[in-house]
Amino acid sequence: MQKSYLVDIGLIVMHYLPWLSVIRDHLSCVANDYGYEYVFSRYLEAHGRPGDSLLAISTSGTSKNVVTAAIAARNRGINVISLSGKMDSQLGKLANIDICTPGGTYADRTQELHIKVIHILIELVERRLFPENYARRDE
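Residues numbered from 1 in each chain as written. Predicted model: local features only at pLDDT ≥ 70, side-chain atom pairs only at ≥ 80, totals over all residues. Heavy atoms only, no water.

1. Section: the overall build of the chain
No. 1: Along the backbone of the chain there are six helices and three strands.
No. 2: Counting from the amino terminus, helix and strand elements in the chain follow one another as α-α-α-β-α-β-α-β-α.
No. 3: Going through the 139 residues of the chain one by one, you find that 24% of them count as buried.
No. 4: For the chain, the proportion of contacts with a sequence separation of at least 24, taken over those separated by at least 6, is 52%. (Helix = DSSP H or I, 4+ residues; strand = E, 2+ residues; numbered from the N terminus. Buried < 20%, exposed > 50% of the residue type's maximum accessible area, 1.4 Å probe, protein only. Contact = heavy atoms within 4.5 Å.)

Structure below.
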């Protein structure tokens, strides 16, 4: 008899990544009870602490749920780094650091640039936290 290697992703999520279901449940609850505009800000109000950082991403810089989260973050002493696609956006004005990547007429170009920026930010954080992984190795 051949073994089946079909993986039940739901079981993996529940067993190894239980926090994902908490986030899913939170989004559903807040969207139903308060409105989708508050799905991120309510989470920050519960878990955000002064000195934390929020990476807020909105192609237009006007997404209500992201802008509301940035306002909540600023009110709690959380640093806001924004990724937007429009200069002088509402989100950018709320940010401590605004990274604006105008991609022209189409949102997908801006989103492609955001992906590049996110990869660079991740590498910078990794280099800071784990410099030994980036040290030159003499072989």
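2. Observations concerning the confidence of the model for the chain
No. 1: Per-residue pLDDT for the chain averages 85, and the proportion of residues at 70 or more is 82%.
No. 2: pLDDT under 50 marks residues 1–7. Its contacts with residues more than four places away, or in other chains, come to one contact. (pLDDT = per-residue confidence, 0-100.)

3. A word on the sheet that holds strand β1 (residues 53–58)
No. 1: Spatially, the three strands line up as an open sheet ordered β1-β2-β3, and their pairing is parallel. Of all strands in the sheet, those with a lone pairing partner are β1 and β3 (97–100), marking the two edges. Neighbour to neighbour, the strand axes of the sheet diverge by 15° on average, direction disregarded.
No. 2: The pairing of strand β2 (residues 79–84) with β3 spans four bridges and is classified as parallel. Looking across to β3, one finds that S84 is bridged to C100. (Pairing = 2+ DSSP bridges. Axes fitted to C-alpha atoms, helices over the stretch in contact; angles between N-to-C directions.)

4. Focus: a nonpolar patch on the surface
No. 1: There is a patch of nonpolar side chains on the surface, built from V125, L129 and F130 and spanning about 290 Å² of accessible area.
No. 2: Within the element layout of this structure, V125 appears in helix α6 (residues 107–129).
No. 3: Relative accessible area serves as the criterion here: at 47%, V125 is assigned to the partly exposed category. (Patch = residues over 30% accessible without salt bridge, like charges linked within 9 Å, V, L, I, M, F, W, Y side chains within 5 Å. Areas by Shrake-Rupley, 256 points an atom, 1.4 Å probe, with all protein chains shown as cover. Salt bridge = Lys/Arg side-chain N within 4 Å of Asp/Glu carboxyl O.)

5. Concerning the pattern of salt bridges
No. 1: Within this structure, the stated rule accounts for four salt bridges.
No. 2: Counted as one network, the salt bridges with shared partners bring together D108, R109 and E112.

6. Quick word on the nonpolar core
No. 1: Within the largest apolar cluster, twelve residues are counted, these being L44, L54, A56, V66, V67, A69, A70, A73, I78, V80, L91 and A95.
No. 2: In terms of residues, this core owes the most to one element, helix α4 (residues 64–75), which gives five residues.
No. 3: If sequence neighbours within four positions are ignored, L54 has contacts with L44, A69, A70, A73, I78, N79, V80 and I81. (Core = buried A, V, L, I, M, F, W, Y, C linked by side-chain atoms within 4.5 Å.)

7. Digging into the packing of aromatic side chains
No. 1: Across all of its chains, the model carries zero aromatic pairs by this definition.
No. 2: Stacked on the ring of Y34, the Lys or Arg R42 has its end atom at 4.2 Å from the ring centre. (Phe/Tyr/Trp six-rings, centres within 6.5 Å; stacked < 30°, edge-to-face > 60°. Lys NZ or Arg CZ within 6 Å of the ring centre and 35° of its normal.)

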